[in-house]
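# Structure at a glance
Chain by chain, the residues run as shown.
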Amino acid sequence: MGEQVKSGFRLAGWLLLTLAFIHALLLCAGFLVGKGEYNQPIYRVAGACGLVALSVVMFMTVGHWVGWFIGALGYFVLKTAFALLLGSSLVRPPMWFIEFALLLGFAILLCVRYASRKPQRIEAVGLVGLVLALSFALVCNSNIPTLFGVAVLGLIQLAYDRKRRTPRLNAG
């Protein structure tokens, strides 16, 4: 029984740490773009420094969270599809929901390869970029950052796969 309690506390701790991290990420993105009353230069500098620090942490730990990230993307695709079907278009037009669901679907297709292997360094940079793009998409209420993040990750994967498959000539 004691081991189950410890496991529960450990799980709850990771959950709270994850939620705090997401909150910090969205807060720093909001500071950087100057949302609301946070439009003074000091907030933008704090947002940029915070995003750099959070990006470094994400880059160093990408192997631990990428599987959960794929699951979160799947959840958001389903949530977006249900919002479209249930008529939540009072806030946004239906085309926004379709675009967002398609972009998240492409993101899942690009990220699914990391469910079975750890991403290389350049791929980890692309994944961190995608997470940052999603945070800016949520803060700015726009699909353009998500499109940019998906496109950058796709180009990184294309370049990495091409580099890996190119035969090397021996000069000797």
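Higher on the page you've got the structure.
Remember, it's a predicted structure, so these values are computed and weren't measured experimentally. (Residues numbered from 1 in each chain as written. Predicted model: local features only at pLDDT ≥ 70, side-chain atom pairs only at ≥ 80, totals over all residues. Heavy atoms only, no water.)

### Description of the packing of helix α2 (residues 41–60) against helix α5 (residues 121–140)
At a minimum axis separation of 9 Å, α2 and α5 run at an interaxial angle of 135 degrees. Relative to α5, α2 is oriented oblique. Considering only the axes of α2 and α5, their crossing is right-handed. Contacts between α2 and α5 pair Leu51, Ser55, Met58 and Phe59 from the former with Arg121, Ala124, Val125, Val128, Val131, Leu132 and Phe136 from the latter. Broken down by class, the residue content of the contact of α2 with α5 amounts to nine nonpolar, one polar and one charged. (Axes fitted to C-alpha atoms, helices over the stretch in contact; angles between N-to-C directions. Helix = DSSP H or I, 4+ residues; strand = E, 2+ residues; numbered from the N terminus. Parallel < 35°, antiparallel > 145°, perpendicular 65-115°, else oblique. Left-handed = near helix turned anticlockwise from the far one by under 90°. Contact = heavy atoms within 4.5 Å. Nonpolar A, V, L, I, M, F, W, Y, C, P; charged D, E, K, R; others polar.)

### Quick word on the pattern of salt bridges
Across all of its chains, the model carries three salt bridges by this definition. Its salt-bridge partner being Arg113, residue Glu123 comes within 3.5 Å of it at the nearest N-O pair. Of this pair, Glu123 sits in helix α5 while Arg113 sits in the loop between α4 (94–111) and α5, placing them ten residues apart in sequence. Among the residues examined, Arg113 registers a relative accessible area of 25% and is labelled partly exposed. Because the salt bridges share partners, they merge into one network encompassing Arg113, Arg117, Glu123 and Asp161. (Salt bridge = Lys/Arg side-chain N within 4 Å of Asp/Glu carboxyl O. Buried < 20%, exposed > 50% of the residue type's maximum accessible area, 1.4 Å probe, protein only.)

### Side note on the packing of helix α3 (residues 62–85) against α5
For the pair α3 and α5, interaxial distance at closest approach is 12 Å and the crossing angle is 45 degrees. Relative to α5, the element α3 lies oblique. Here the hand of the crossing between α3 and α5 comes out left-handed. On α5, the residues that touch Val62, Trp65, Val66, Phe69 and Leu73 of α3 are Ala124, Leu127, Val128, Leu130, Val131 and Leu134.

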